[in-house]
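A look at the structure
The chain contents come next:
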Amino acid sequence: MSVDLATVKRVASLARIAVSEEEAERMVGELNGILGFVEQLSEVDVNGVEPMTSVTPMVMRKRTDVVTDGDKADDIVANAPVTDRNFFLVPKVVE
Amino acid sequence: MTELTSLTIAEARDKLASKEIKAVDLTQAYLDAIASANGALNAYIAVTDEKALSMAKASDERLAAGKGGALEGIPLGIKDLFATEGVHTQACSHILDGFKPKYESTVTQNLWDDGAVMLGKLNMDEFAMGSSNETSYYGPVINPWRAEGSNQQLVPGGSSGGSAAAVAAHLCAGATATDTGGSIRQPAAFTGTVGIKPTYGRCSRWGTVAFASSLDQAGPIARDVCDAAILLKSMASVDAKDTTSVDLPVPDYEASLGQSLKGMKIGIPKEYRVDGMPEEIEKLWQQGIAWLKDAGAEIVDITLPHTKYALPAYYIVAPAEASSNLARYDGVRYGLRVDGKDITDMYEKTRAAGFGKEVKRRIMIGTYVLSAGYYDAYYLQAQKVRTLIKRDFEEVFHAGVDAILTPATPSSAFGVADENLAADPVAMYLNDIFTVTVNMAGLPGIAVPAGLDRKGLPLGLQLIGKPFEEETLFKTAHVIEQAAGRFSPAKWW
């Protein structure tokens, strides 16, 4: 399988990365190089093989469903680029 | 007096405990070394002088009171991937511009709890994506090693290039690092240092910037096997904050050094003999086999038939997980923000400006292989192949093999801005061909220096062990180290 310019632009849009025409054209070649490399996986017989979900056989540890953290709004917004009274600010999303 | 920065962790620990040296003097010696070397090597991207000296002062007080911890007063460098409270933490990416976390990663907290001193944050490939430390927003790290009679700048490997270079150049006593496809072991091999990627789950991932969550694992880079054992003991823990942290006691790894290899079975996988591999690497491998045989181990030929599929499967699984993990960098909660005409435009412009080329490439691949219509063909297939890769190892271990010996890398360190590698991402990816299988199977792997090539550059061997049997790796690597000796670069910086 390989990607064309339209696919690269669609994937960039899904990934929320703005790409120029020139970048998109360069990426077509690069991505096809990588996709060509991974293509060899299709020759592996995986009949009856389960996909890996965990490298170590383990049951995920669970904790009691109680509040253990919080009350640190100042800390949470401390690194945000734009805030107002402990809210994150974003461009207007509702008309 | 011998230079303080030439002491290993084990040596410094003993001299600190016996009050022969002071933690403050040791830390100051490293800060001076960093100040004079960093312009040439670019290993540190942030130096925390004041914090280091105040931590060292506290160490001296605890040592005086006889209350020193296992790493009391030992100055360490920290890879920029670990969250350090109030200190530069950007995974060497522009998108985390100005980020100073309000929390400390579990691994670094463990080190501070044992008395270690933080010298600063170390350079790395952006988001740990790279094998040469050239994708860092802060520019490449320069390897302290040079080929004999050459001034050419060489890469230290990656992604933990800053960690490896700082350890090799004695700009810290030891360093933290992380390994997703070879990022501890390949730079260790390129710099003549020791690096261990422990079993997945051995070190907590809490507070470590995520790249590919099912593969990422923290570990140390150190000057020798003993120092690596001391550091891993402190870094590893059982952590309720990471659900993949394994509930097993952390052994005293140092105690395994010097144990006999008699009765051990070492596997030699024929699939690691790849086309175009320099003859010197094959020679080094044979030398390693001879050393282990001399030490009483039995050598057996083994086969790991799915080895060649590990790298392609990795380049589906890792980018897929990365594309998901890196979705959080949206210009809203932390780091860089580039304004746009609406929220989507803001996201797209922020991510375009904040991520470097290699990171964008991997996010794009990850997004593509997870997108509707391609998921089964790529991602599901890769996860099935991963099961087969792990099964290969399980069968070998089941047949009685205790550890596997392979080369660590297919070459020694290469030049900065190598044109062939820059033009072909896949050629750069091939650097991890011997290390990536270990991440795919979640196993522990150690790289130990074993010799120099004809250019005078270090080469390493890799040992792969059973899950949670890092002790076996330490004792076997120690035998190689005893036979090969240790390697230090000639100082030019």
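Since this is a predicted model, take the numbers as computed values, not measurements. (Residues numbered from 1 in each chain as written. Chains lettered and ligands numbered in written order. Predicted model: local features only at pLDDT ≥ 70, side-chain atom pairs only at ≥ 80, totals over all residues. Heavy atoms only, no water.)

1. Remarks on the overall build of chain A
Along its length, chain A carries 3 helices and 2 strands. Helices and strands appear in chain A in the N-to-C order α-α-α-β-β. Relative to the globule expectation of 12 Å for 95 residues, the C-alpha radius of gyration of chain A, 22 Å, shows a markedly less compact shape. Dimensions along the principal axes, computed over C-alpha positions, put chain A at roughly 55 × 45 × 25 Å. Residues classed as buried in chain A amount to 28% of the 95 residues present. On chain A, roughly 6600 Å² of surface is accessible, and the fraction owed to carbon and sulfur atoms is 53%. The averaged location of the 17 negative side-chain charges in chain A is 8 Å from the averaged location of its 10 positive side-chain charges. (Helix = DSSP H or I, 4+ residues; strand = E, 2+ residues; numbered from the N terminus. Rg over C-alpha atoms; globule rule 2.2 N^0.38 Å. Buried < 20%, exposed > 50% of the residue type's maximum accessible area, 1.4 Å probe, protein only. Areas by Shrake-Rupley, 256 points an atom, 1.4 Å probe, with all protein chains shown as cover. Lys, Arg positive; Asp, Glu negative; His and termini not counted. Charge placed at Lys NZ, Arg CZ, Asp CG, Glu CD.)

2. Considerations on the UniProt feature "domain: Amidase" (unreviewed entry) in chain B
Mapped onto this structure's residue numbering, the UniProt feature "domain: Amidase" (unreviewed entry) falls at residues 25-473 of chain B. Between the C-alpha atoms that bound residues 25-473 of chain B the distance is 34 Å, and the span itself is 37% helix and 14% strand. (UniProt positions renumbered as here; feature names shortened; annotations may be inferred.)

3. Concerning the packing of aromatic side chains
Pairs of aromatic rings are described using the distance from one ring centre to the other and the angle between the two planes. All names here are of chain B. The tally for this structure, following the rule as stated, stands at 18 aromatic pairs over all chains. Considering the side-chain rings of Tyr329 and Phe355, the 6.3 Å spacing of their centres and the 85 degrees angle between planes classify their relative orientation as edge-to-face. Note that Tyr329 is positioned in the loop between α9 (310-325) and α10 (343-354) and Phe355 in the loop between α10 and α11 (357-370), a separation of 26 residues in sequence. We note that Tyr329, like Phe355, is buried. Consider the rings of Tyr368 and Tyr378, whose centres lie 5.9 Å apart with planes at 55 degrees: the pair is tilted. Placement of Tyr368 in helix α11 and of Tyr378 in helix α12 (residues 376-398) is noted, with a sequence separation of 10 residues between them. Members of the aromatic cluster, joined through ring pairs, are Phe99, Phe127, Tyr329, Tyr334 and Phe355. The cationic tip of Arg146 hangs over the ring face of Trp492; the distance from NZ or CZ to the ring centre is 3.7 Å. (Phe/Tyr/Trp six-rings, centres within 6.5 Å; stacked < 30°, edge-to-face > 60°. Lys NZ or Arg CZ within 6 Å of the ring centre and 35° of its normal.)

4. Structural notes on the UniProt feature "active site" (unreviewed entry) in chain B
Residue and element names in this part refer to chain B. Feature annotation in UniProt places "active site" (unreviewed entry) on Lys79, Ser159 and Ser183, given in this structure's numbering. Taking the farthest pair of C-alpha atoms as the criterion, the annotated set spanning 105 residues converges on one region, since that pair is 11.3 Å apart. Inspection of the secondary structure assignment puts Lys79 in strand β2 (residues 75-79). Residue Lys79 is classed as buried on the basis of its relative accessible area, which comes to 0%. The contact partners of Lys79, leaving out residues within four places of it in the chain, are Lys121, Leu122, Met124, Ala128, Ser159, Ser160, Ser163, Thr176, Ala177, Thr178 and Ser183. Only 2.9 Å separates the side chain of Lys79 from the side chain of Ser159, close enough to count as a polar contact. Tracing the backbone shows Ser159 in the loop between β3 (117-122) and α5 (161-168). (Contact = heavy atoms within 4.5 Å. Polar contact = N/O pair within 3.5 Å; in protein donor to acceptor, adjacent residues only side chain to side chain.)

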